[in-house]
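# Summary of structural features
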Amino acid sequence: MSAEPWPEGVARHVLDTVDSTNAFAARLAPDLSGPAWIMAGLQTAARGRRGRAWSSPRGNFSATLILRPTERPEIVALRSFAAALALRDACVALTGLPDSFTLKWPNDVLLNGGKLAGILLESLGQGAQVQHLAIGIGVNLIAAPDPALVEPGALRPVSLLGETGLRITPTALLDALAPAYARWEQAFTTQGFAPLRNAWLAHAARLGEPIRARTGQTTRDGIFETVDATGALVMMTAEGRVAIPAAEVFF
Ligand SMILES: O=C(O)CCCC[C@@H]1SC[C@@H]2NC(=O)N[C@@H]21
């Protein structure tokens, strides 16, 4: 159980089975008057980043927060850092293991160096205007996908139960995550990206170490230096320093 109350003005929808909580959020969006969390016990067509499928058996956490942001799309997208930070905070609060959870750019939460969770931001809107933002979060609470099924070079998938022996329910995680997200959302809207950037860097995996970033057909190797004020990954490569706004990162 979380010590923090559920955030005021935020709706909560709990479903047994759904195709994808992000898809459901998109269908619900026109009827919403404020932010809402949608959690499902089971997703039958969960989606991951880059068009991949996401495995989400019952007992794992599957939820989407839907918001109505007002900023430009590139600012709206910085909420992926808020989501990762909130999820890390919630995991730490529920497990008491602050040193075990790190962050991989842009928004993966790692446990003991393996991929515990994935976050998928999808915006709904017309033209350059984001009308709704769906922040979908999947956490391997009790089961991780078979490592043989993940892309070559991808991080080892892990589950909370497998790594720690702790059984956290999806409801307990939502109760901790919703207030944690509300705190980061408040920091972001009142102080901008700086506090998120600082906190994110404090928990970043492989900072100062060699990484590989792949964007489309381009692969770059270099030292992971920082994340800049726009949220881009900054690497020192053989050709010099580069800031990469979107990429897949390999360790
Ligand atoms: O590929 C990733 O790392 C992101 C995975 C995001 C999965 C979550 S589960 C809840 C929400 N609903 C979906 O269909 N996807 C996201």
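Along every chain, residues carry numbers that run from 1 in the direction the sequence is written. For this predicted model, a pLDDT threshold of at least 70 governs which residues receive local features, and a threshold of 80 or more governs which side-chain atom pairs are given and counted, while totals over whole chains, interfaces and linings are taken from all residues. Excluded from the side-chain calculation are hydrogens and water; included are all heavy atoms of the structure.

Proximity is defined per residue: if any heavy atom of the residue lies within 4 Å of a molecule or strand, that residue is considered near it. The local shell around the ligand holds 18 residues, among which Ser20, Gln43, Arg47, Arg49 and Lys115 are the closest. By the criterion applied in these results, polar contacts are pairs of N or O atoms within 3.5 Å in which, for protein atoms, one can donate a hydrogen and the other can accept it, and in which residues neighboring in sequence qualify only through two side-chain atoms. In the environment of the ligand, an oxygen atom lies 2.7 Å from a nitrogen or oxygen atom belonging to the side chain of serine 20. The Shrake-Rupley method, run with a 1.4 Å probe, gives the accessible areas here. Residue values count only the displayed protein chains as cover. When the ligand is considered free in solution it has 420 Å² of accessible area, and contact with the protein chains removes 98% of it. Secondary structure counts use DSSP, requiring at least four H or I residues in a row for a helix and at least two E residues in a row for a strand, with both numbered from the N terminus. Contributions of two or more residues to the shell around the ligand are made by helix H1 (21-28), strand E3 (61-67), strand E6 (114-124) and strand E7 (132-139). When residues of the shell around the ligand are assigned to their parent elements, the largest contribution, 4 residues, is made by E6. Taken together, the residues that form the shell around the ligand break down as 6 nonpolar, 9 polar and 3 charged. Basically, the charged four are Asp, Glu, Lys and Arg, the nonpolar ten are Ala, Val, Leu, Ile, Met, Phe, Trp, Tyr, Cys and Pro, and anything else, Gly included, counts as polar.

Turning to helix H6 (residues 194-202), a few remarks are in order. What H6 keeps buried is the set Leu196, Ala199, Trp200 and Leu201. In this description, contact between two residues means that some pair of their heavy atoms is separated by no more than 4.5 Å. On its buried side, H6 packs onto helix H3 (79-95), strand E4 (101-104), helix H5 (170-191) and strand E9 (218-227). The classification of residues rests on relative accessible area computed with a 1.4 Å probe and restricted to protein chains. Under 20% of the type maximum is buried, over 50% is exposed, and intermediate values are partly exposed.

To continue, consider the sheet that holds strand E1 (residues 11-18). Paired strands, as defined in this entry, are two strands with at least two bridges between them according to DSSP. The strand order across the open sheet formed by 7 strands is E1-E2-E3-E7-E6-E5-E4, and the pairing between neighbours is mixed. At either end of the open sheet lies a strand with only one pairing partner, and these are E1 and E4. Recorded for the sheet is a direction-independent mean angle of 20° between the axes of neighbouring strands. Relative to strand E2 (residues 36-43), E1 runs parallel, the two being bridged by 7 bridges. Paired with threonine 17 across the strands is leucine 42, a residue of E2. Along the sheet, H3 contacts E3, E4, strand E5 (108-111), E6 and E7; its crossing angle with E4, the most-contacted strand, is approximately 165°. Helix axes are fitted only over the stretch in contact, all axes being lines through C-alpha atoms; the angle between N-to-C directions runs from 0 to 180 degrees.

A few words on the domain arrangement of the protein chain. One frequent convention defines the size of an interface as the accessible area lost when the parts assemble. Partitioning the protein chain into structural domains gives domain 1 (11-202) and domain 2 (210-250). Placing the centre of domain 1 and that of domain 2 at their C-alpha centroids yields a distance of 23 Å. Here the buried area means the combined drop in accessible surface, using a 1.4 Å probe, for two parts upon being joined, counting both sides. Counting the surface domain 1 buries against domain 2, the share from its top three residues, Arg50, Trp105 and Arg197, is 48%. Note on definitions: salt bridges are taken to be side-chain nitrogens of Lys or Arg within 4 Å of carboxyl oxygens of Asp or Glu. At the surface where domain 1 touches domain 2, the tally comes to 3 salt bridges. Where glutamate 248 meets arginine 50, a salt bridge forms, and the shortest distance between an N and an O atom there is 3.2 Å. Across the domain 1-domain 2 interface, the total number found is 8 residue pairs in polar contact (both at pLDDT 80 or more). All domain edges in this entry derive from an automatic or database-based domain assignment.

One open sheet holds the 5 strands; their spatial order is E11-E10-E9-E8-E12, and the pairing between them is antiparallel. For this open sheet the edge positions go to strand E11 (240-244) and strand E12 (248-250), each flanked by a neighbour on one side alone. Pairwise comparison of adjacent strand axes, ignoring direction, gives a mean angle of 45° for this sheet.

The description of an aromatic ring pair rests on the distance of the ring centres and on the angle between the ring planes. Two rings belonging to Phe, Tyr or Trp (six-membered ring only in the last case) form a pair when the distance between their centres is within 6.5 Å. Interplanar angles under 30 degrees mark stacking, angles over 60 mark edge-to-face geometry, and anything in between is tilted. Under the counting rule described, the total for this entry stands at 3 aromatic pairs. Through pairs of rings, three or more aromatic residues link up here, namely Phe81, Phe193, Trp200 and Phe224. When the ring centre of tryptophan 6 is taken as origin, the NZ or CZ atom of arginine 12, which lies over that ring, is 4.6 Å away. Lysine and arginine charges are scored as sitting over a ring when NZ or CZ, respectively, is within 6 Å of the ring centre and within 35 degrees of the ring normal. Directly above the aromatic system of phenylalanine 251 lies the positively charged group of lysine 104, at a separation of 5.6 Å from the ring centroid.

So, about the side chain of histidine 132. Inspection of the secondary structure assignment puts histidine 132 in strand E7. Take histidine 132: its relative accessible area is 9%, and that puts it in the buried class. A distance of 3.5 Å separates the side chain of histidine 132 from the backbone oxygen of alanine 29, its partner in a polar contact. Setting aside anything within four residues of it in sequence, one finds histidine 132 in contact with Ala29, Ile66, Leu67, Arg68, Pro69, Glu122, Ser123 and Leu124.

Turning next to the pattern of salt bridges. According to the stated counting rule, one finds 21 salt bridges in the structure shown. Between arginine 12 and aspartate 175 there is a salt bridge, with its nearest N and O atoms 2.7 Å apart. Placement of the pair is arginine 12 in strand E1 and aspartate 175 in helix H5, with a sequence separation of 163 residues. Judged by relative accessible area, which is 21%, aspartate 175 ranks as partly exposed. In this structure, arginine 79 engages glutamate 71 in a salt bridge whose closest nitrogen and oxygen atoms are separated by 2.9 Å. The class of arginine 79 is buried, set by a relative accessible area of 2%. A cluster of three or more residues bridged by salt bridges with shared partners is formed by Arg50, Arg52, Glu151, Arg214 and Glu248.

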